[in-house]
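# Structural overview
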Amino acid sequence: MRVAVAGCCHGELDKIYETLALAERRGPGPIDLLLCCGDFQAVRNEADLRCMAVPPKYRHMQTFYRYYSGEKKAPVLTIFIGGNHEASNHLQELPYGGWVAPNIYYLGLAGVVKYRGVRIGGISGIFKSHDYRKGHFECPPYNAATIRSIYHVRNIEVYKLKQLKQPMDIFLSHDWPRSIYHYGNKKQLLKTKSFFRQEVENNTLGSPAASELLEHLKPTYWFSAHLHVKFAALMQHQAKDKGQSAKATRFLALDKCLPHRDFLQVIEIEHDPSAPDYLEYDTEWLAILRATNDLINVSERLWNMPENNGLHTRWDYSATKEAMNEVLEKLNHDLKVPCNFSVTAACYDPSKPQTQMQLVHRINPQTTEFCAQLGITDINIRLQKAKEEQHLCGDYEEQDDVQSNDSGEDPSEYNTDTSALSSINPDEIMLDEEEEYDDSIVSAHSDVNTPSVEPSPDQASDFSASFSDIRILPGSMTVSSDDTSGSPVGKEGNRGDPVELGDGKDLTKVPLKRLSDEHEPEQRKKIKRRNQAIYAAVDNDDTA
């Protein structure tokens, strides 16, 4: 199965699908699936634009609305997660996932689905420690604080994903798992993005929550975006038992959708030929959603997930065989994701702009149907009830009037943010006003250690260099051993030895193909781009 992976989409659907068409013409066959790693920007109208965490002058309608209205249809099944620059009110309608347009599926706050037997999971948003332990309390209309906190990852979503036990083929996150840069060509990464050096040296770049999921899930592939740079890594996990073979994760981060940028990769992935060619629900994930339904929190209070510490009567919410059978019964043994997309908001009309369109907190019929089938709670209905109760108690204030307060909060289980250590991208600061997004990142500090194979200079491999200017990737990713500092493969492997991952293929012998014969110029011309510094007014920690 040929799977295309895109980095930050930034609403450029037309350009992405045009690039896929070019890849199909030049490649061995059609693309079967497109995966997008966030900043998708499913903007339907002017009200959605106001819910995107960017300065007003950088809010552009882009092309998604044409797919939402039915004017166009996605030529390939598209699955995406949310990033930190989204039409948050639209995605909030689908906390458990759903269709945002025909053939375009959102995975939800966190989710797992199957396509042609390939298991695909993902988590939306980015990590921010002071919001991590809060519930999903935000709802339209957002204020200056909640328009950002709405896309911050919460511990409940990570907790649900950590209940998974069955193997994961592909996992998507917007921000990178922390420490993943130690498993690729770190030297080349810092050469390309020198302003990451301080975070990399302090081990504060990336998400500690994603790192925790990486260690738990050990997927075959992990794809990310957010940092606007292409980077590949190979992470060899430790085997739980001596008799088991160690798993490995092939990590790939991609750039943003712009000319001459590495924003798209096509990969051949093994699939089950007997599996249906439509999107399916995952029984284990649905069983976990049912089991954790009582843990839903729509308040701003900080809380911890149940654990085996003597304080909770239950801490294991993993799916039992009986629970998965119950899910099958509720779905009448039909796991097909229904094609039940419906228009829930007015679509943008270029001939009739409506700059004062009212912002409404909507209940999406897809979510209503999904929750009714499984017997779980629609988070948005719970939110609306909570607002009504607060009104009755007289202690509710419109979110538009609530003042942001990012200080004075208890820390999450991860240590507090290192905002003072944020990197500055001097290249972006010097660009003129028409240039692209500011790439500066602030990471959250954590003392959580990743219990994976420790980096070893003697067993390093340059995994990133094999992706330089590569547009088409065959079934496996080539590993070489040019970079001898900071690209660990594992303690069990020797330097220069071929690496095999799951499918038994020797990754050092797989040829790499280019989509075209074009080479990057030694000095890239300065190109005017209309989306410059779209994140300039957003706090540094959310910028990328």
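The protein carries the name Lariat debranching enzyme in an unreviewed UniProt entry, which gives Delphinapterus leucas as its organism. Word for word, the UniProt comment on the protein under Subcellular location (unreviewed entry) is "Nucleus". The UniProt entry for the protein carries this comment under Sequence similarities (unreviewed entry): "Belongs to the lariat debranching enzyme family."

Take lysine 15: it is sitting in helix 1 (residues 13-26). A relative accessible area of 39% places lysine 15 in the partly exposed class. Remark: the alpha-carbon pair of lysine 15 and cysteine 257, spanning 242 residues in sequence, is separated by 8.0 Å.

Right, let's talk about the packing of helix 11 (residues 283-291) against helix 12 (residues 321-330) for a bit. The N-to-C vectors of helix 11 and helix 12 enclose an angle of 95°; their axes lie 8 Å apart at closest approach. Here helix 11 lies roughly perpendicular to helix 12, going by the angle between them. Contact with helix 11, carried on its side by Thr283, Glu284, Leu286, Ala287 and Arg290, involves Ala323, Met324, Glu326, Val327, Leu328 and Lys330 of helix 12 and no other residues of that element. Considering only residue class, the contact of helix 11 with helix 12 consists of six nonpolar, one polar and four charged.

What follows deals with the sheet that holds strand 7 (residues 118-123). Pairing is mixed across the open sheet formed by seven strands, whose spatial order is 10-11-9-8-7-6-13. Edge positions in the sheet fall to strand 10 (231-236) and strand 13 (279-281), since each of these pairs with one other strand and no more. Pairs of neighbouring strands in the sheet enclose a mean axial angle of 25°, with direction left out of account. Pairing of strand 6 (residues 110-115) with strand 7, which is carried by six bridges, proceeds in the antiparallel orientation. Counted as the bridge partner of valine 112 is glycine 121 from strand 7. Each of strand 7, strand 8 (170-173), strand 9 (221-224), strand 10 and strand 11 (248-253) is contacted by helix 10 (residues 208-217), which is oriented at about 165° to strand 9, the strand it contacts most.

Glancing now at helix 1. End to end, helix 1 covers 20 Å across 14 residues, agreeing with the expected 20 Å (1.5 Å per residue, within 8%). Three or more residues of helix 1 are buried, namely Leu13, Asp14, Ile16, Tyr17, Leu20 and Ala23.

Here we take up the packing of aromatic side chains. All told, the structure shown has 18 aromatic pairs when counted by the stated rule. Centroid distance tyrosine 68 to phenylalanine 341: 5.6 Å. Interplanar angle 80°. Geometry classified as edge-to-face. One end of the pair, tyrosine 68, is in helix 3 (residues 64-69); the other, phenylalanine 341, is in the loop between helix 12 and helix 13 (365-374), and 273 residues separate them in sequence. Using a relative accessible area of 2% as the deciding quantity, one classes tyrosine 68 as buried. Between tyrosine 159 and tyrosine 317, the aromatic rings sit 5.9 Å apart at their centres with planes inclined by 70°, giving edge-to-face as the arrangement. Pair noted here: tyrosine 159 is in helix 7 (residues 155-161) and tyrosine 317 is in the loop between helix 11 and helix 12, with a separation of 158 residues, a long-range link.

The next subject is the side chain of histidine 90. Structurally, histidine 90 is set in helix 4 (residues 88-92). Residue histidine 90 is classed as buried on the basis of its relative accessible area, which comes to 2%. Residues in contact with histidine 90, not counting those within four places in the same chain, are Ala42, Arg44, Asp48, Phe64, Tyr68 and Val100.

Once that is clear, we can look at the pairing of strand 7. With six of its six residues buried, strand 7 lies for the most part within the structure. Across the two faces of strand 7 the burial is the same, with Val118, Ile120 and Gly122 and Arg119, Gly121 and Ile123 all buried. The turn joining strand 6 and strand 7, which pair antiparallel and follow one another in sequence, is formed by two residues; a positive phi near 55° is taken by arginine 116.

Rules used throughout
Numbers given for residues are sequential positions, taken from 1 along each chain in its written order. In view of the model being predicted, local features appear only for residues whose pLDDT reaches at least 70, and side-chain atom pairs are presented and counted only at 80 or more, with totals across whole chains, interfaces and linings using the full set of residues. Calculated side-chain values reflect all of the structure's heavy atoms, with hydrogen atoms and water omitted. UniProt positions are given in the numbering used here, feature names are shortened, and annotations may be inferred rather than shown by experiment. A helix here means a DSSP run of H or I that spans at least four residues, while a strand means a run of E at least two residues long, and both kinds are numbered starting from the N terminus. Exposure classes here rest on a 1.4 Å probe applied to the protein chains alone. A residue is buried below 20% of its type maximum, exposed above 50%, and partly exposed in between. Helix axes use the C-alpha atoms of the stretch in contact, all axes being lines fitted to C-alpha atoms, and the angles between their N-to-C directions lie in the range 0 to 180 degrees. Angle categories: roughly parallel below 35 degrees, roughly antiparallel above 145, roughly perpendicular from 65 to 115, and oblique for all the rest. The criterion used for residue contact is that any of the two residues' heavy atoms lie within 4.5 Å. When residues are sorted by character, Ala, Val, Leu, Ile, Met, Phe, Trp, Tyr, Cys and Pro go into the nonpolar class, Asp, Glu, Lys and Arg into the charged class, and all the rest, Gly among them, into the polar class. When DSSP finds at least two bridges between two strands, those strands are taken to pair. An expected span of 1.5 Å times one less than the residue number is assigned to each helix. For Phe, Tyr and Trp, where Trp contributes only its six-membered ring, two rings pair if their centres lie within 6.5 Å, and the inter-plane angle classes them as stacked under 30 degrees, edge-to-face over 60, or tilted in between.

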